Amino acid sequence: MSHDQEHTRIDPASGDRRVSIAIWANGILTVAQVVGGILSGSLALIADALHNFSDMAALVVAFAARKISGRPADERMTFGSGRVEVVAALINYTTLILIGFYLIYEGGMRIINPPEVQGWTVVVLGGIALMVDALTAFLTYSMQKGSVNIRALFLHNLSDAFASIAVVVSGALIILYDMWWMDPAITIGIALYILYLAFTEIDGPIRTLMLGSPPDIDNEAVIDTMANVAGVVDVHHVHLWQMEEHEAAIDCHVVLTADAWSRIEGIKSRIKRQLKERFDIGHSSLEFEHEHSQHENANLYGHGRPGEGDEALLSRF
């Protein structure tokens, strides 16, 4: 599969304004929900507040990440700082997981020792939270299509919106039918939903930070494309990874025939062009070997221990 997906581009100034508005909205809402949850005795309301607080923290991290990611490469960060957004996404998902487990524990304790809950406070603050969650999701929707970091934020807020609906429903049931157990039950439901979102999305940032190969690129197709270029005998020691969220890279050893050795620059240009056109791999580092002095017992991926033939090769230089 080619790596030619189009990504939404948002004007940086416009994106920063959206994130700033979302930070303030979630910060004010968090304070209101915590106070309301304490006064009303509603754990579901406090659970929603904690989730909103995690959103605010995530938005702050995202805001900083957007600023840092634009810094150019230097002697300390030779690849630049683009991966900071992936780190921010990992932090956000990890925070969601911790909050989810905590809420399950607290919800269980509330079922064992149920407190009195003031339903009207829950309904009013839950409704306000729903409006803020909808606003934040709207502000980040178009931005999340081109950023794993902003996508993590968008999913935070989307889950918050569902959680707020559940909080309003629980408050209404408490008012109408005195169903006190709905508050901890809704809390546990919110927590399970949070955990589901986090665990299904966290794989992407982990894969990128662990230098895993891009999931939307067919490794075998990449290798076959290089191997089928006229004059190429073999390809090995392949490293294919995600430099940043939307930038894949490859470095490998390419073995050439004796006849093709004099055309090395033309072959290199042809390989690079095909990598870019077919797979959108713009960063490729190619090391060329002559077929009569190539590494022996070379691994296709990574760098294995050199064999006897490699040692003999090194002794010739």
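## Re the overall build of the protein chain
The helix and strand inventory of the protein chain stands at 10 helices and three strands. Starting at the N terminus and ending at the C terminus, the protein chain contains elements arranged as α-α-α-α-α-α-α-α-β-β-α-β-α. Per-residue burial over the protein chain gives 46% buried out of 317 residues. Long-range pairs, those at least 24 residues apart, make up 76% of the contacts in the protein chain with a sequence separation of at least 6.

## Let's talk about the pairing of strand β3 (residues 281-290)
As judged from the nine bridges shared by strand β2 (residues 247-256) and β3, these two strands associate in the parallel manner. Its bridge partner lying in β3, Ala-248 is registered against Ile-281. This β-α-β element, β2 to helix α9 (residues 264-279) to β3, shows right-handed connectivity.

## Overview of the nonpolar core
Tyr-93, Leu-103, Val-167, Ile-186 and Ile-190 are the most contacted members of the largest nonpolar core, which has 28 residues in total. A total of eight residues in this core trace back to one element, the largest contributor, which is helix α6 (residues 182-201). The residues touching Ile-190, leaving out its near neighbours within four places in the chain, are Ala-163 and Val-167. Within the second largest apolar cluster, 23 residues are counted, among which are Ala-221, Val-232, Val-254 and Ile-267.

## Regarding the pattern of salt bridges
If you walk through the whole model with that rule in mind, you get two salt bridges. Residue Lys-268 is joined to Glu-265 by a salt bridge in which the shortest nitrogen-to-oxygen separation is 3.4 Å. Of this pair, Lys-268 and Glu-265 both sit in helix α9, three residues apart, roughly one helical turn. In this structure Lys-268 comes out as partly exposed when scored by relative accessible area, which is 26%.

## So, the sheet that holds β2
Overall, mixed pairing links the three strands, which are arranged β1-β2-β3 in an open sheet. For this open sheet the edge positions go to β1 (232-244) and β3, each flanked by a neighbour on one side alone. Looking at each pair of strands side by side, their axes are set apart by 15° on average, direction ignored. Where β1 meets β2, nine bridges bridge the pair, whose relative direction is antiparallel. The residue bridging Glu-244 from the neighbouring strand is Glu-247, located in β2. Running over the sheet, helix α8 (residues 219-227) touches β1, β2 and β3 and is turned about 135° from β1. Where α9 meets the sheet, its contacts fall on β1, β2 and β3, and the angle it forms with β3 comes to roughly 145°.

## So, the environment of Tyr-196
In this fold, Tyr-196 is placed in helix α6. On the basis of relative accessible area, Tyr-196 is assigned to the exposed category, the value being 53%.

## Side note on the packing of α8 against α9
Two packed helices can be described by the angle between their axes and the distance between those axes. Where α8 contacts α9, the axes come no closer than 10 Å and their chain directions differ by 150°. Handedness of the crossing formed by α8 with α9: right-handed. Contacts from Ala-221, Val-222, Thr-225 and Met-226 in α8 reach Ile-271, Gln-274, Leu-275, Arg-278 and Phe-279 in α9.

## Structural notes on unusual backbone geometry
Look at Asp-178: it is not a glycine, yet its phi comes out positive at around 55°. Looking at the secondary structure, you find Asp-178 in the loop between α5 (148-177) and α6. Classification of Asp-178 by relative accessible area gives exposed; the value is 56%. In this structure, Asn-297 takes a positive phi of about 55° despite not being glycine. Structurally, the position occupied by Asn-297 is in the loop between β3 and α10 (308-315).

## Here we look at the packing of helix α3 (residues 84-112) against α6
The contact between α3 and α6 brings their axes to 8 Å, and the two run at 160°. With respect to each other, α3 and α6 are oriented roughly antiparallel. Seen along the crossing, α3 lies across α6 with a hand that is left-handed. Residues Tyr-93, Leu-96, Ile-97, Gly-100, Phe-101, Leu-103, Ile-104, Gly-107, Gly-108, Arg-110 and Ile-111 of α3 form the contact with α6, whose participating residues are Asp-183, Pro-184, Thr-187, Ile-188, Ala-191, Leu-192, Ile-194, Leu-195, Ala-198, Phe-199 and Glu-201. Across the contact of α3 with α6, the residue classes tally to 15 nonpolar, four polar and three charged.

## What to know about α9
A rise of 1.5 Å per residue sets the reference length of α9, with its 16 residues, at 22 Å; its end C-alpha atoms lie 22 Å apart and thus fit the reference within 8%. Among all positions of α9, only Ile-267, Ile-271, Leu-275 and Phe-279 are buried. What you see down the axis of α9 is that its buried residues fit within an arc of 70°, all on one side. Those residues of α9 that are buried lie in contact with α8, β1, β2 and β3. In the segment just after α9, Asp-280 is the residue with positive phi, at about 60°.

About the cut-offs
Residues numbered from 1 in each chain as written. Predicted model: local features only at pLDDT ≥ 70, side-chain atom pairs only at ≥ 80, totals over all residues. Heavy atoms only, no water. Helix = DSSP H or I, 4+ residues; strand = E, 2+ residues; numbered from the N terminus. Buried < 20%, exposed > 50% of the residue type's maximum accessible area, 1.4 Å probe, protein only. Contact = heavy atoms within 4.5 Å. Pairing = 2+ DSSP bridges. Right-handed = clockwise from strand over helix to strand, strands pointing away. Core = buried A, V, L, I, M, F, W, Y, C linked by side-chain atoms within 4.5 Å. Salt bridge = Lys/Arg side-chain N within 4 Å of Asp/Glu carboxyl O. Axes fitted to C-alpha atoms, helices over the stretch in contact; angles between N-to-C directions. Left-handed = near helix turned anticlockwise from the far one by under 90°. Parallel < 35°, antiparallel > 145°, perpendicular 65-115°, else oblique. Nonpolar A, V, L, I, M, F, W, Y, C, P; charged D, E, K, R; others polar. Expected span 1.5 Å × (residues − 1). Arc of directions from axis to C-beta.

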